[in-house]
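Okay, here's what each chain looks like letter by letter:
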Amino acid sequence: MIKTLAVMTSGGDSPGMNAAVRAVVRRALDRGLLVYGIYCGYDGLLRGGDLIRPLRWQDVGNVMQRGGTFLGTARCEQFRTVEGRRRAVENILERGIEALVVIGGDGSLTGALLLSNEWPEHVEKIASSRRDLQPMVERIPALRIMGLPGSIDNDLSGTDMAIGVDTALNHIVRAIDDLSSTAASHQRTFVIETMGRNCGYLALAATLATGASWMLIPECSLELHWHRRMLECLDNARKLGRGHQMVVIAEGARHPDGLRMESGEVRKLIAEKLGLEVRLTVLGHVQRGGPPSAFDRVLSARLGVAAVDLLVDQPHVLHQHMVGVIKNRVVATPLVDVIEKSREIQRLLETGDFPKARQLRGEAFATMLELVEALTAASPSKESAGQGKVVILTGGADSPGMNAALSIAARRLLDCGVAVLGSRDEFDGLVHGELTDLEWNDLAGWMGRPSSDIGTARSSQILEDFGKIAENITKFDIKGIVAIGGLDTYRHLQRFTEMRADFPELNIPVVLIPASIDNNLPGSDLCVGSDTALNNIVESVDKIRDTAGATRRAFIVETMGKECGFLAAMAALAAGADKAYLPETGIGLAELNRDVSELKESFESGNRMVIYMHNENASHHYTTDFLRRLLEEESKDEFEVRSVVLGHVQRGGSPSAFDRILAGRISAFAAASLLDLIKNGSNDVLAFGLKEGAVTSCPLSEALAQLDAPHGRPKDQWFMDLFPYIHSLAKNRPSRRGDTARS
Ligand code: ADP
């Protein structure tokens, strides 16, 4: 088994790197290793001395909510030379480091692989002059490398998302939302340049998430007169009433001849040819900054833990791997493959083989691209041809991203020549005939709107009013329904199918899009709205943490989630809370006893803040208020206890980039399926979702069979595999404080 590892961050910084270092350090300490931190990237590895020093448990406390990297990072030209790398090897040998965890982009991983490949020859040379290092030379015949993808560009293969991408995307989406409001006031057009080097992921995802009018990315082949299509689209959209427009350009976008496209020249072109007032905003380094999103922190924790576990559990494997998440599973890919495939895409882009480059970027990229190409048109590609209408409704408790799901489903349907109506307050609109036309040009602006603009209803009168629904289906010539909602909507639709025997008009197809902040719906790993809620919770906990130092306090933070612990568990992992109480695990008296002792011990040993996440239904009797009173009684005035019930703050605000994209991917697929079902005269009711990274569907009855009905949550909950990480990485575990390594 290896005994010593070192961790470093390198290349461009990205939000979430600190969370990744924390996970590596604490998991390694927990597994009995000695851990070195290498400061300033390869520069530190080369210079050695105090730039490579042991990290203790508390050294990585309070770092995960900070952007950038506390270890520092630097570009190091000397590391590109053989002599430079030899000095690095000497520093590694001197400390007995057997494995290097490198968090960075393709350059950093290339350097690490080179170092590992050259290890034997460097060691041989060093051994001849440094006899003192002979024992280390024998003990470390090879250097193991574990890479973690750290880059906002999302240009690395071997992972669906790199650490930092989600945070950067949220910055871009927020910036475009903000610019849209000023653009709307002045009827202006904006050209917005995003980062991403030679990868168009950020620009593409941001275009989809904001409903921007046009996009220019490196992966799109441009014909010679590309600008004509762009100008025509912008002009048409303006004539159809879209007064302000957003054009997103990736920094790596190129002209058909391969020359870099300047965002300034795009601005000038639109201004001159269309006679519009056009402003340019280069988003620049704000995209890299700030606290990492919840997604990035959870990703960092998963990858950091996996990297250490692989190194420890597979002592006979010479690791030269990168760990990434593919289809929601942690996967280790040989570094040589990661680097080769990433370079191959680069080569394809340079030689103009765009279709192949897009294919190598993966399925999600291709789906998003196809969607954006269909949705950025100024008007639907087909006129409505009197082939009946589709109704969209939103139901259950509202969740952020419902409007985005509605916007994309509706535009997808309109684009195929189908008229779309929005039903007021779930089924109530269908009962009372309150159905409004949804129009193409309004819908792009719905992507960032919170909640649901057409309203939701939990206790709809559906149970008594099927007769009226049947009447209106005939009256409005409704051929199918898109339902976006939570468990109540699933159950209403089950009733809908049961009532078909009495009302044959109900024999129309229905597609169901999972939307609930609780993430408690069967048939989907993630529901629309849960990522935004998670970010809302984590931001609140960060603010609570900011008050640390003022006085010694324990906080019990109550989250929503109904009978599903997703929000409490993931927020605990992302916010670095000490514990999460979940309905899945319940709360026992013996556990409370232990927690009280640990809490006291933690404060006695100098800690100033403890945070417990508590799902609203973790226990019927041990409520948030009960826990507060219990801890207060036990505190003996040595520390304060506060409870914070986050309540509706969790469902508020504009949806996160991830929720908009999730909503878009699922609803585009669902809308296309609905059209097929209508064409085939089917009356299927299909529940859609995202399973292991892919959009899937199954009959509603099958989805409901996957439900643990008494508890209202899926029987199989993938996130429970991550639950043990909360304790393993928790800040205040008394046994671990001050550790450098388990003796
Ligand atoms: P990123 O890791 O974000 O892609 P860079 O490409 O700047 O960032 O790489 C970071 C550092 O990794 C470089 O400053 C250099 O020290 C090292 N590095 C990059 N490419 C190589 C290479 N081909 N050989 C050796 N070291 C490299």
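Computed from a predicted structure; not experimentally measured.

Conventions used here
- Residues numbered from 1 in each chain as written.
- Predicted model: local features only at pLDDT ≥ 70, side-chain atom pairs only at ≥ 80, totals over all residues.
- Heavy atoms only, no water.
- Pairing = 2+ DSSP bridges.
- Helix = DSSP H or I, 4+ residues; strand = E, 2+ residues; numbered from the N terminus.
- Axes fitted to C-alpha atoms, helices over the stretch in contact; angles between N-to-C directions.
- Contact = heavy atoms within 4.5 Å.
- Near = heavy atom within 4 Å.
- Polar contact = N/O pair within 3.5 Å; in protein donor to acceptor, adjacent residues only side chain to side chain.
- Areas by Shrake-Rupley, 256 points an atom, 1.4 Å probe, with all protein chains shown as cover.
- Core = buried A, V, L, I, M, F, W, Y, C linked by side-chain atoms within 4.5 Å.
- Buried < 20%, exposed > 50% of the residue type's maximum accessible area, 1.4 Å probe, protein only.
- Expected span 1.5 Å × (residues − 1).
- Salt bridge = Lys/Arg side-chain N within 4 Å of Asp/Glu carboxyl O.

K.L.:
Sorry, what's going on with the sheet that holds strand β1 (residues 4-9) here?
P.N.:
Where strands meet in a sheet, backbone hydrogen bonds hold them as pairs that are either parallel or antiparallel. The strand order across the open sheet built from seven strands is β3-β2-β1-β4-β5-β10-β11, with neighbouring strands paired in mixed fashion. Pairing within the sheet leaves two strands with one partner each, and these edge strands are β3 (52-54) and β11 (329-334). When strand polarity is set aside, the average angle formed by the axes of neighbouring strands in this sheet is 25°. Packed on one face of the sheet, helix α1 (residues 17-30) meets β1, β2 (34-38), β4 (99-104) and β5 (144-149) and runs near 175° to β1.

K.L.:
I keep staring at the site of the ligand and nothing clicks. Help me out?
P.N.:
Surrounding the ligand, one finds 17 residues, the nearest of these being Arg75, Cys76, Gly105, Gly107 and Ser108. Asp106 has a polar side-chain atom sitting 3.0 Å from an oxygen atom of the ligand. Notes on the ligand: free accessible area 550 Å², of which the protein chains cover 87%.

K.L.:
Can you help me understand the nonpolar core in this one?
P.N.:
One recurring pattern in soluble globular proteins: nonpolar side chains tend to sit buried together. Counting residues in hydrophobic clusters, the biggest one holds 152 residues, and the most contacted among them are Leu5, Tyr201, Val482 and Met613. It is helix α10 (residues 294-313) that contributes the most residues to this core, 12 residues altogether. If you look at the next biggest cluster of nonpolar residues, it comprises 35 residues, including Ile38, Trp119, Ala127 and Ile140.

K.L.:
Sorry if this is basic, but what is going on with α1 here?
P.N.:
Side chains three or four residues apart in an α-helix point the same way, a direct result of the helix having 3.6 residues per turn. Taking 1.5 Å of rise per residue, the 14 residues of α1 would be expected to cover 20 Å, and the 20 Å separating its terminal C-alpha atoms lies within 8% of that figure. Counting buried positions along α1 yields 14 of 14 residues, so the element is predominantly enclosed. One or two steps after α1, the chain reaches Gly32, where phi turns positive at roughly 85°.

K.L.:
Where do I start with the pattern of salt bridges in this structure?
P.N.:
Pairing between side chains of opposite charge can happen when their charged atoms approach one another. Within this structure, the stated rule accounts for 44 salt bridges. The shortest N-O distance in the salt bridge between Asp518 and Lys562 comes to 2.8 Å. With Asp518 in the loop between β16 (510-514) and α19 (530-546) and Lys562 in the loop between β17 (553-559) and α20 (566-575), this pair connects stretches of sequence that are 44 residues apart. For Lys562, a relative accessible area of 34% puts it in the partly exposed group.

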